[in-house]
Amino acid sequence: MSRVYNFSAGPSMLPLEVLETAQREMLDYNGSGQSVMEMSHRSPVYDAIIKQTEADFRELMNIPDNYKVLFLQGGASTQFAAIPLNLMKNGKADYVVSGQFSGKAFKEAKKYGDAKCIATSEDKTFSYIPEITPDMVREDADYVHVCYNNTIFGTKYPEVPNVGDAVLVADMSSCITSEPVDVTKFGVIYAGAQKNMAPAGLTVVIIREDLLGNAREDIPTMLDYKTMADNDSMYNTPPCYAIYIAGLVYKWALKNGGLEAMKERNEKKAALLYDFLDQSKLFKATADKKCRSLMNVCFVTGDAELDKKFCNEAKDAGFVNLKGHRSVGGMRASIYNAMPYEGVAALVEFMKKFEAENA
Ligand SMILES: *Cc1c(COP(=O)(O)O)cnc(C)c1O
């Protein structure tokens, strides 16, 4: 068996241990004589899986009892509509546009009410996080929406933005479980699971209970958080297998020291790469230093042809998916929880060699 170092932004690598457990349990889960893929979602054996997954996720993220955890489908992109449909009771919401996904979320919200962009970093191709102060938020806004880690541009909020008393909603698709967050500062946190938690197909929503029950009357039943909360994410068939893998990933993270330990590991990995980039004569990091992502490290050589050559040679050397998003070009190394330190160290060694040969 030969496995590459996979720097994909998502779907992305999973801990090897998790894949091995899934492999071991593939044909006969825990003496049930079935694969988790095959079992009824209403069976006691599956019920135990989803309950344990939620319990472990709550422990990992330190989620208070007055928040519901929902296991949904449709990706983070479906939440761009679900958020306004569920929360816009005054028909007003404020958006911070710090990249492509938050731009899409803003555009979707405009379909359903008075959505306003209160800050953006578009002027410098989203290379920084705009400053947000409580006075920028409209008094009667139902919520403020932010994208906490901008996967495509490699920026992250250095701290939880201060929106005063407003309800803060955050897309954390590409940074959830990468470090501790104070859940109580948020009304809703949502994330597609395929970056840092599970295979594609699962979307996780964490919502404060008092925000449930404000949905528009014409909301599709499947998008109504209350329907999903009242039915323990089992109004219909949930993404059973992805939830099972998420459960294994949460157990892996807990066993490895929880989110404090994830943060420490992730900071060490990111520092190794950024420190190299900051002294390199060939490569340059593109994100503003104050808000660099721990998860998605974006960089360029300044020469599109050389970028292409780098990606090709890296691929041949076993470092795959380093090409930047198709909308920005350059390179992006996504180094989620599952990427070991050795993977980043090996990449930096490869970059040094490439620099020596091409500078
Ligand atoms: C990947 C990503 C999305 C889109 O997720 P889908 O699950 O493909 O809909 C949205 N927001 C962020 C921050 C992402 O990284």
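Just so it is clear, the structure is predicted and the values come from calculations on it, not from any experiment.

## Some details on the sheet that holds strand 11 (residues 284-285)
- Judged by pairing direction, the sheet is antiparallel, and its three strands sit side by side in the order 11-12-14 without closing on themselves. In this open sheet, the two edge strands, each paired with only one partner strand, are strand 11 and strand 14 (331-334).
- Bridging between strand 12 (residues 296-300) and strand 14 involves four bridges; their strand directions are antiparallel. By the bridge assignment, N296 is partnered in strand 14 with S334.
- Contacts from helix 7 (residues 258-279) reach strand 11, strand 12 and strand 14, with the element oriented near 15° to strand 12.

## Looking at the sheet that holds strand 8 (residues 168-171)
- If you trace the seven strands from one edge of the open sheet to the other, you get 2-10-9-8-5-3-4, paired in mixed fashion. Looking along the sheet, the strands with just one partner apiece sit at the ends: strand 2 (67-72) and strand 4 (114-120). Each adjacent strand pair in this sheet contributes to an overall mean axis angle of 20°, direction not counted.
- Sheet topology note: the strand 2/strand 10 (residues 203-208) ladder contains six bridges and is antiparallel. Note on strand 10: the bridge partner recorded for L72 is T203.
- Running over the sheet, helix 3 (residues 75-87) touches strand 2, strand 3 (92-97), strand 8, strand 9 (188-192) and strand 10 and is turned about 155° from strand 9.

## Some words on the packing of helix 2 (residues 44-61) against helix 6 (residues 240-255)
- Between helix 2 and helix 6, whose axes approach to 9 Å, the crossing angle comes to 40°. As summarised for this structure, helix 2 and helix 6 are arranged oblique, according to the angle between their axes. Seen along the crossing, helix 2 lies across helix 6 with a hand that is left-handed. Counting all contacts with helix 2, which are made through Y46, I49, I50, Q52, T53, D56, F57, E59 and L60, the residues of helix 6 involved are C240, I243, Y244, A246, G247, Y250, K251, A253 and L254.

## Here we look at the pattern of salt bridges
- Inspection of the entire model under this criterion finds 20 salt bridges.
- Among the salt bridges present, the one from K156 reaches E179, with a minimum N-O distance of 2.4 Å. A residue pair is termed long-range when its members are at least 10 positions apart, and K156 in strand 7 (residues 155-156) and E179 in the loop between strand 8 and strand 9 qualify at 23 residues. As far as the burial class goes, K156 and E179 line up, both buried.
- For E313, the salt bridge identified is with K309, shortest N-O distance 3.7 Å. Placement of both E313 and K309 in helix 8 (residues 304-316) is noted, with a separation of four residues, approximately one turn of the helix.
- Through salt bridges with shared partners, a single network forms among K156, E179, K263 and E267.

## Comments concerning the state of the cysteines
- Overall, the coordinates contain zero disulfides when judged by the stated rule.
- Of all cysteine sulfurs, the one in C147 lies closest to C175, which takes part in no disulfide; the gap is 7.5 Å.

## So, unusual backbone geometry
- Cis peptide bonds are those with omega within 30 degrees of zero, and the linkage from G10 to P11 qualifies with -10°.
- With phi around 40°, T125 is a residue other than glycine that occupies positive phi space.
- With respect to the helices, strands and loops of the structure, T125 is situated in the loop between strand 4 and strand 5 (144-147).
- Of note, the phi angle at S233 is positive, near 60°, even though the residue is not glycine.
- The residue S233 is located in the loop between helix 5 (225-230) and helix 6 in this model.

Rules used in this analysis
Residues numbered from 1 in each chain as written. Predicted model: local features only at pLDDT ≥ 70, side-chain atom pairs only at ≥ 80, totals over all residues. Heavy atoms only, no water. Pairing = 2+ DSSP bridges. Helix = DSSP H or I, 4+ residues; strand = E, 2+ residues; numbered from the N terminus. Contact = heavy atoms within 4.5 Å. Axes fitted to C-alpha atoms, helices over the stretch in contact; angles between N-to-C directions. Parallel < 35°, antiparallel > 145°, perpendicular 65-115°, else oblique. Left-handed = near helix turned anticlockwise from the far one by under 90°. Salt bridge = Lys/Arg side-chain N within 4 Å of Asp/Glu carboxyl O. Buried < 20%, exposed > 50% of the residue type's maximum accessible area, 1.4 Å probe, protein only. Disulfide = S-S within 2.5 Å.

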